[in-house]
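# Summary of structural features
These are the residues of each chain, in order.
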Amino acid sequence: MFIETLITEPILFFRIVAIVIFSITLHELAHGWAAMSQGDNTPQQTGHLTLNPVVHMGKESIIFLCLMGIAWGQMPVNPSKFRSGKLGNILVSAAGPLSNLALGVLFIMVLKFLSNLSLSGLLSEDFFYLAARINLTLFLFNLLPIPPLDGFHVFSEIFPKLKPLQYTQFGLFAMMLIFIIPEFGMGLASIADLVIQSLLGEESAAF
């Protein structure tokens, strides 16, 4: 279990928890801001335009993150209020994963800036590499065309025949398989590593 990391590698534990909470909070806020831009004021009405992670994740998600290393968030939106139903749903759904992509790129840029410095402690180069890795992995994961992930809402608008899958057990079964097979998550993380290393070039050898 992930909680064992608190005993074996406490710095890594707190780094991961902090990065995931920060990243999911901004992910959900991106959904909210996109929904507001499309004419839906539901995020504001429900008090979800906040940096408070408990509002976006809930106590259960944060506890589960600390225990199992898995977390989730939510942003209430009302697609019926979007100015353009189809385009609005695509933009709002894509906003979350794109925020993780932007964060990943930002952390890589910080790494490049810090490449000639010698940092230690909680905010070392390892921290920013981990932050980039987690955010790029979240980006890839959330783009999967599996309900209830954001990728499904994007692809189901492009390919409407996928929409009935939202009301079946397909999503639950697929998500169970993903979490049961650790190699899947490792594969996404490996792709993230390749992206980071390609963008950092020779500097990545330092990590």
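Thresholds, definitions, all that
Residues numbered from 1 in each chain as written. Predicted model: local features only at pLDDT ≥ 70, side-chain atom pairs only at ≥ 80, totals over all residues. Heavy atoms only, no water. Patch = residues over 30% accessible without salt bridge, like charges linked within 9 Å, V, L, I, M, F, W, Y side chains within 5 Å. Areas by Shrake-Rupley, 256 points an atom, 1.4 Å probe, with all protein chains shown as cover. Salt bridge = Lys/Arg side-chain N within 4 Å of Asp/Glu carboxyl O. Helix = DSSP H or I, 4+ residues; strand = E, 2+ residues; numbered from the N terminus. Buried < 20%, exposed > 50% of the residue type's maximum accessible area, 1.4 Å probe, protein only. pLDDT = per-residue confidence, 0-100. Arc of directions from axis to C-beta. Contact = heavy atoms within 4.5 Å. Axes fitted to C-alpha atoms, helices over the stretch in contact; angles between N-to-C directions. Parallel < 35°, antiparallel > 145°, perpendicular 65-115°, else oblique. Left-handed = near helix turned anticlockwise from the far one by under 90°. Nonpolar A, V, L, I, M, F, W, Y, C, P; charged D, E, K, R; others polar. Phe/Tyr/Trp six-rings, centres within 6.5 Å; stacked < 30°, edge-to-face > 60°.

Let us now look at a nonpolar patch on the surface. Among the surface-exposed residues, L172, F173, M176, L177, I180, I181 and F184 lie close enough to one another that they form a single nonpolar patch of about 670 Å² accessible area. Sort the elements by how many residues they give to the nonpolar patch and helix α8 (residues 170-180) lands first, with 5 residues. L177 gets classed as partly exposed once you look at its relative accessible area, which sits at 36%.

Take the confidence of the model for the chain next. Mean pLDDT over the chain works out to 92, with 93% of the residues at or above the 70 mark. Across the chain, helix α3 (residues 42-45) holds the top mean pLDDT of 98, while α8 sits lowest at 87.

Let's shift gears to unusual backbone geometry. The omega torsion across P147 and P148 is 10°, close enough to zero to call that bond cis. Relative to the elements of secondary structure, P148 occurs in the loop between α6 (125-142) and α7 (150-158).

Let us now look at the pattern of salt bridges. Under the criterion given, the structure shown has 2 salt bridges. The partner of R133 in a salt bridge is D193, and the shortest N-O contact between them spans 2.9 Å. Pair noted here: R133 is in helix α6 and D193 is in helix α9 (residues 182-200), with a separation of 60 residues, a long-range link. Overall, the relative accessible area of 14% leaves D193 in the buried class. The closest approach of N and O atoms between E157 and K163, which form a salt bridge, is 3.3 Å. Here E157 falls in the buried class, since its relative accessible area comes to 9%. Taking relative accessible area as the criterion, K163 reaches 34% and is therefore assigned partly exposed.

This brings us to α8. Given 3.6 residues to a turn, an α-helix orients residues that are three or four positions apart in the same direction. Restricting attention to buried positions, one finds in α8 the residues G171, A174, M175 and I178. Looking straight down α8, one finds that the buried residues subtend no more than 100° of arc, so they occupy a single side. Seen from the open side of α8, the exposed residues pointing more than 90 degrees away from its buried face are L172, F173 and I180. Those residues of α8 that are buried are in contact with α6 and α9.

Our next topic: the packing of helix α2 (residues 10-37) against helix α4 (residues 53-68). Taken N-terminus to C-terminus, the directions of α2 and α4 make an angle of 150°; their axes are 10 Å apart at the nearest point. Of the possible angle classes, the one that applies to α2 and α4 is roughly antiparallel. The way α2 lies across α4 gives a crossing that is right-handed. On α4, the residues touching F13, V17, V20, I21, I24, T25, E28 and L29 of α2 are P53, H56, M57, I62, L65 and C66.

Locating L140 in the fold gives a position in helix α6. Overall, the relative accessible area of 23% leaves L140 in the partly exposed class. It is 8.9 Å that separates the C-alpha atoms of L140 and A189, two residues lying 49 residues apart in sequence. When neighbours within four sequence positions are excluded, L140 is seen to be in contact with L188, I191 and A192.

Right, let's get into the packing of α2 against α6. Where α2 meets α6, the axes come as close as 10 Å, and the angle between the chain directions of the two elements is 45°. On the basis of the axis angle, α2 is oblique to α6. Seen along the crossing, α2 lies across α6 with a hand that is right-handed. Where α2 approaches α6, its residues L12, R15, I16, I19, V20, S23 and H27 are matched on the opposing element by D126, F127, L130, A131, I134, N135, L138 and N142. Along the lines of polarity and charge, the residues of the contact of α2 with α6 split into 9 nonpolar, 4 polar and 2 charged.

Applying the stated criterion to the full structure yields 6 aromatic pairs. The interplanar angle of 55° and the centroid separation of 5.7 Å between the aromatic rings of F64 and W72 together place this pair among those described as tilted. Put simply, the rings of F2, F13 and F14 pair up and form one aromatic cluster.

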